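One letter stands for each residue in the lines below.
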Amino acid sequence: MALLPLGYVLWYAASLGPGELQDLLIRPRIGELLANTLGLLVGVMAASVALGTACAWLVERTDVPFKSMWHVLFAAPLAVPAFVNSYGWVSLTHSVQSYLGAVLIVTLSYFPLVYLPMVAALRGLDPAHEEVAYSLGRSRLSVFRSVVLPGARPALLGGALLVGLHVLAEFGALQMLRFPTFTTAIYDHYRSAFNSAPANVLACVLVLGCLVLLMAELRMRGEIALWRVGRGSARPIEPMTLGRAKPLALAGMSAVVVVALGVPLASLTRWLVVGSSTAFPVGELAAAAATTLGLALGAALLATAMALPVAWLAVRHRGVLANVIERCTFAAHALPGIVVALALVAISIRTVRPLYQTLPLLLIGYAILFLPRALVSIRGSLSQAPPLLDDVARSLGSGRIKAFWRVTMPLIGPGVGAGAALVFLAVSTELTATLLLAPLGTSTLATEFWSDSSSVRYGAAAPYALLLILISMPATYLLSRQTRGSDTR
Amino acid sequence: MSQVTLAGIRKSFGARSVLKGCDLNVANGEIMAVLGPSGCGKTTMLRIVAGFLDPDAGTLSFDGTTVAGPRQSVSPQRRQVGYVPQEGALFPHLNVRANILFGLPRKERTESRFREMLDLADLSPDVGSAYPHELSGGQQQRVALARALAPRPRVVLLDEPFSSLDASLRVSTGRAVARVLRAAGTTAILVTHDQGEALSLADRVAVMRDGRIVQVSEPVELYRRPVDVEVATSVGGVVALPALVGGGCARCVLGELQVKAGSHHDSAVTVLVRPEQIRLVEAAPGRLEAQVAAVDFFGPYATVRLRVRAGAGDDIEVVARVPGNELPQVGELVGVCVDGCVEVST
């Protein structure tokens, strides 16, 4: 099922004649979109790597004060959906509606995706390697280049590629910034003519880009797994004394936090307080919130139910089939929401008409999009429950099923819960697929925010934005805990 | 408590044959150690007894009743075996009390049974509410044993249970475990690669090599009368020397050595001399002389490598074990005596 959208897009491209395909592909408009998308991709990835690495290094390896606070602050931008972030900026100044503005805002939204794995990597590296390098007479800079960076490389590249996937899939923020990319163009085509050929061809190009990134990411993922084995360093490394550079570092860090969090939040607060169109339609807010929570809950249950058997196969019965199934779900992970939505719309119109614009189709779309989040979490916890414990339980007289309920289930319970929670939170802030797939008249927090803010009723959009941020906070907190978990012990 | 019998057990994983016809009989209430290097198949054998694996051929029976054999196999949960794996494998989500009572039916999970098991395993009652990660390695191992013993199993299987403990804890935990097993009167199979552990804790030791049991003996017997040089080496250091046997003694480079009166007459054999049988004395005319080549000092004892002139041929090196307070100098000439009987290996 996860491969359905991918298959559809490829099938569609194949069904068009080569001539038609050429006509659709070779147009100045495509060139412009390609340049925009690639430019944005490169710009955001480079900026995220630089910003994420710098922040991670400052927090993990130097003596800046209040490390825990900085860590939370650097992870926090993930709690502000990118389209809310761009709303904050756009409603403040229109000068961000440019290439540089887009790079700035998208980077500020997604640099934590580099920052978090870098923190984990810097923390997990064996300090002995660096100490040996110092004792061999290398300078700090040289050690960072020749020992630390190679060690952290999988994390760094993995994070960068993840940012890339998000950039390709990003719709709301870029639409608001009036910076056309493939994703926004697909949406516009879809709005003007349902299921049009140009939209599908654009989707093909987009999928191609995503798959390239995904391949690279899968390769990195393998390396990461290798590199983590048995590297829990017992000894923390001596933090570097910043000395006179400390005020400078603090100023830089504060600046990042101000532009990434301060600006959107301040702008949001301003609209809440002074916005002329601000209203608190409690009924509508509550209805949208209830719909959002209901959808998110349904999707979380569905994704978890789908993820459990896949994770079980992947961990306990490693084999070709298990690998293929697992990879497939990750392939879906690379598909932008817009492509999944587009494919599901087309498929339902062609084959199962009654499903079109219904709740089940929307939930299936969510499940395809967010299955990997549940899967990663459940997989992780399942590998914490070694089969040896099942053996012991069986030798103590429990049958297979009883052993599962008494031993495995309690052990993976937290992981399953966390996976479901991640899906829940992702769904509650999802915009693109919801816009395309939701039954008519369905209003979620994200779609209400979107319709208000895109018709420049900034004040009216503010309460929805606030709720969106509040909902995203627990997931972000979970994520930041995972990387610096040893702090709490 | 049961008598456990393995007869002709075979097991292969793909093309690799791990057990090649394994025979072993463990008496009721006996602690049997299975000693062998890693990879010899001892863990596979244990997992077959537990029921986690089925043998390809051969039969396994408890008290004469077949539990695994051709076309039939009792599932692990019905076999009533207690299993104590290497790291103890306590259930991390349950406290000590719930771990120990895990294998009992709900109505038998009583305070008195719990106390009884704590007593047996020599654990203090206040660890009951502790979680596994709060216990020391030795305590975890004893809780794991108590958990295995609580449902009164027919046999307890211990898979290298002390190898994850540090040296000082290993000895004391081993002694405690053996005491608990004897107090409970349970039949036990202890798999280990540590000869000291096997010799000191078990009633009998089965030496396993390359998928087969090669010797089953009581510890003292095993040490004194190994069936071959390899078995001798696996339970301690040994010096193997070519010799001629006849008339109650063996002639070799160490002179005429006493052998047990037996069947060997005027034949070329190998004699096995334990390093602690070789004693260093003052060099004197008429005594066998050797030159000290190296001394490795271990504190209470030292091993001394000696070069002994072997007639016309090259020097032969033998190893002696001497008390740590009587160390010879390297290069010194010493006299050599051999105490007691030596074993003849054919």
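Relevant structure appears above.
Note that the structure is a prediction, hence the values are computed from the model and not measured. (Residues numbered from 1 in each chain as written. Chains lettered and ligands numbered in written order. Predicted model: local features only at pLDDT ≥ 70, side-chain atom pairs only at ≥ 80, totals over all residues. Heavy atoms only, no water.)

J.: What is the right way to read the overall build of chain B from this model?
T.: A count of helical and extended segments in chain B gives nine helices and 21 strands. Within chain B, the proportion of its 346 residues that are buried is 48%. A separation of at least 24 residues holds for 66% of the contacts in chain B among residues at least 6 apart in sequence. For chain B, the accessible surface area stands at approximately 15900 Å², while carbon and sulfur atoms represent 48% of it. (Helix = DSSP H or I, 4+ residues; strand = E, 2+ residues; numbered from the N terminus. Buried < 20%, exposed > 50% of the residue type's maximum accessible area, 1.4 Å probe, protein only. Contact = heavy atoms within 4.5 Å. Areas by Shrake-Rupley, 256 points an atom, 1.4 Å probe, with all protein chains shown as cover.)

J.: Looking at this structure, how should I read the overall build of chain A?
T.: Each helix and strand counted, chain A has 22 helices and zero strands in total. By the burial criterion, 53% of the 489 residues in chain A qualify as buried. Considering only contacts in chain A between residues 6 or more positions apart, those separated by 24 or more positions represent 82%. Per element, the accessible surface of chain A, about 20800 Å² overall, is 69% carbon and sulfur.

J.: Quick question: what am I supposed to make of the interface of chain B and chain A here?
T.: Interfaces are often sized by the amount of accessible area the parts lose when they come together. With 19 residues of chain B in contact, the opposing surface of chain A contributes 16 residues. Looking at the side of chain B facing chain A, the largest losses of area belong to Q77(B), H93(B) and F102(B), adding up to 37% of the total buried there. The tally of links between chain B and chain A comes to one salt bridge. Residues D391(A) and R47(B) are paired through a salt bridge, measuring 2.9 Å at the closest nitrogen-oxygen approach. Between the two partners, chain B and chain A, sit four residue pairs in polar contact (both at pLDDT 80 or more). Those elements that place two or more of their residues in the side of chain B that touches chain A are helix 2 (76-79), strand 7 (81-84) and helix 5 (137-149) of chain B. Here the side of chain B that touches chain A is built from residues that sort into twelve nonpolar, four polar and three charged. (Buried area = accessible area lost by both parts, 1.4 Å probe. Salt bridge = Lys/Arg side-chain N within 4 Å of Asp/Glu carboxyl O. Polar contact = N/O pair within 3.5 Å; in protein donor to acceptor, adjacent residues only side chain to side chain. Nonpolar A, V, L, I, M, F, W, Y, C, P; charged D, E, K, R; others polar.)

J.: Please explain the sheet that holds strand 2 (residues 16-26) of chain B as it appears in this structure.
T.: Sheet strands pair via backbone hydrogen bonds, and the direction of the pair is either parallel or antiparallel. Residue and element names in this part refer to chain B. In spatial order, the strands read 2-1-4-5-6; together these five strands make up an open sheet with antiparallel pairing. Both outer strands of the open sheet, strand 2 and strand 6 (72-73), are each paired with one neighbouring strand and no more. In this sheet, strand 2 lies alongside strand 1 (residues 4-13) in antiparallel orientation, the contact comprising eight bridges. Paired with R10 across the two strands is K20, which belongs to strand 2. (Pairing = 2+ DSSP bridges.)

J.: Is there a simple way to think about the packing of aromatic side chains in this case?
T.: Remark: the centre distance and the inter-plane angle together describe each pair of aromatic rings, the angle taken between the planes. In this structure the tally under the stated criterion is 14 aromatic pairs over all chains. Considering the side-chain rings of F52(B) and Y83(B), the 5.1 Å spacing of their centres and the 65° angle between planes classify their relative orientation as edge-to-face. Placement of F52(B) in the loop between helix 1 (42-50) and strand 4 (57-62) and of Y83(B) in strand 7 is noted, with a sequence separation of 31 residues between them. Note on accessibility: F52(B) and Y83(B) belong to one class, buried. Between the aromatic rings of F91(B) and F102(B), the centroid separation amounts to 4.5 Å while the plane-to-plane angle is 40°, which identifies the pairing as tilted. Of this pair, F91(B) sits in the loop between strand 7 and helix 3 (96-101) while F102(B) sits in the loop between helix 3 and helix 4 (111-120), and the two are eleven residues apart along the sequence. Judged by relative accessible area, F91(B) falls into the buried class, the value being 0%. For F102(B), a relative accessible area of 2% translates into the label buried. An aromatic cluster is defined as three or more aromatic residues linked by ring pairs; in this entry it consists of W70(A), F74(A), F111(A) and Y115(A). Residue placement shows R147(B) over the ring face of F91(B); its charged tip is 4.7 Å from the ring centre. (Phe/Tyr/Trp six-rings, centres within 6.5 Å; stacked < 30°, edge-to-face > 60°. Lys NZ or Arg CZ within 6 Å of the ring centre and 35° of its normal.)

J.: What should I look at first to understand unusual backbone geometry in this one?
T.: Glycine aside, negative phi is the norm for most residues, and most peptide bonds take the trans geometry. The backbone of R178(A) sits at a positive phi, close to 55°, despite the residue not being glycine. By the element assignment, R178(A) lies in the loop between helix 10 (172-176) and helix 11 (182-192). Even without being a glycine, R152(B) presents a positive backbone phi close to 50°. Along the chain, the position of R152(B) falls in the loop between helix 5 and strand 8 (155-159). Among the residues examined, R152(B) registers a relative accessible area of 52% and is labelled exposed.

J.: How should the packing of helix 8 (residues 127-135) of chain A against helix 9 (residues 140-169) of chain A be read in this particular structure?
T.: Residues and elements named next belong to chain A. At their nearest, the axes of helix 8 and helix 9 sit 10 Å apart, and the two run at 135° to each other. Here helix 8 is positioned oblique relative to helix 9, judged by the angle of their axes. Considering how the two elements wind past one another, helix 8 and helix 9 form a crossing that is right-handed. Between helix 8 and helix 9, the contacting residues are H129, E130, A133 and Y134 on the first element and R140, V143, V147 and V148 on the second. (Axes fitted to C-alpha atoms, helices over the stretch in contact; angles between N-to-C directions. Parallel < 35°, antiparallel > 145°, perpendicular 65-115°, else oblique. Left-handed = near helix turned anticlockwise from the far one by under 90°.)

J.: Before we go on, may I ask you to explain the sheet that holds strand 19 (residues 315-323) of chain B in this structure?
T.: All names here are of chain B. Strand order in the open sheet made by the five strands is 16-20-17-18-19, with antiparallel pairing throughout. Each of the sheet's edge strands pairs with one partner strand only, and the pair in question is strand 16 (278-281) and strand 19. Each neighbouring strand pair of the sheet contributes to a mean axis angle of 45°, computed without reference to strand direction.

J.: What's the story with the nonpolar core in this structure? I'm lost.
T.: A general feature of soluble globular proteins is that nonpolar side chains tend to end up buried together. Among the nonpolar cores identified, the biggest contains 193 residues, and F74(A), Y87(A) and F449(A) are the most heavily contacted of them. Counting 42 residues, the second-largest nonpolar core is a separate cluster that includes L35(B), A188(B), V205(B) and L222(B). (Core = buried A, V, L, I, M, F, W, Y, C linked by side-chain atoms within 4.5 Å.)

J.: Hey, could you run me through the environment of A374(A) in this one?
T.: Residues and elements named next belong to chain A. Relative to the helices and strands, A374 resides in helix 17 (residues 359-382). For A374 and G417, which are 43 residues apart along the polypeptide, the C-alpha to C-alpha distance reads 8.9 Å. If sequence neighbours within four positions are ignored, A374 has contacts with A303, A307, G419 and V423.

J.: Quick question: what am I supposed to make of the environment of L104(A) here?
T.: Within the element layout of this structure, L104(A) appears in helix 6 (residues 99-110). With 61 residues separating them along the chain, L104(A) and G43(A) place their C-alpha atoms 8.9 Å apart.

J.: What exactly am I supposed to notice about helix 16 (residues 337-350) of chain A here?
T.: An α-helix turns once per 3.6 residues; consequently, residues spaced three or four apart project the same way. All names here are of chain A. Spanning 14 residues, helix 16 covers 20 Å between terminal C-alpha atoms, matching the ideal 20 Å at 1.5 Å per step. Burial analysis of helix 16 places twelve of its 14 residues in the buried class, the great majority of the element. By the burial criterion, the buried members of helix 16 are G337, I338, V339, V340, A341, L342, A343, L344, V345, A346, I347 and S348. (Expected span 1.5 Å × (residues − 1).)

J.: I keep staring at helix 13 (residues 246-274) of chain A and nothing clicks. Help me out?
T.: The largest bend in helix 13 of chain A amounts to roughly 40° and is located at G262(A), with the proline P264(A) lying one to four residues further along. Taken together, the buried positions of helix 13 of chain A are A249(A), M253(A), V256(A), V257(A), A260(A), L261(A), V263(A), P264(A), S267(A), L268(A), W271(A) and L272(A). (Bend = angle between axes of the 7 residues up to and from the residue.)

J.: Please explain the side chain of S217(B) as it appears in this structure.
T.: Residues and elements named next belong to chain B. By the secondary structure assignment, S217 is in strand 11 (residues 212-217). Here the side chain of S217 touches Q215 through a polar contact of 3.1 Å, side chain to side chain. Those residues within four positions of S217 in sequence are excluded, and the remaining contacts are R204, V205 and L222.

J.: What should I look at first to understand the pattern of salt bridges in this one?
T.: Note that side chains of opposite charge can pair when their charged atoms are close. Counting across every chain of the model gives 18 salt bridges over all chains. Residue K246(A) is joined to D63(A) by a salt bridge in which the shortest nitrogen-to-oxygen separation is 3.7 Å. Linking K246(A) in helix 13 with D63(A) in the loop between helix 3 (28-61) and helix 4 (67-75), this pair joins segments that are 183 residues apart in sequence. On the accessibility criterion, K246(A) (26% relative accessible area) is partly exposed. Given a relative accessible area of 23%, D63(A) falls into the partly exposed group. Among the ionic pairs, E256(B) bridges to R251(B), the shortest N-O distance being 3.8 Å. A relative accessible area of 56% places E256(B) in the exposed class. Taken together, the salt bridges that share partners define one network made up of R97(B), E111(B) and R115(B).

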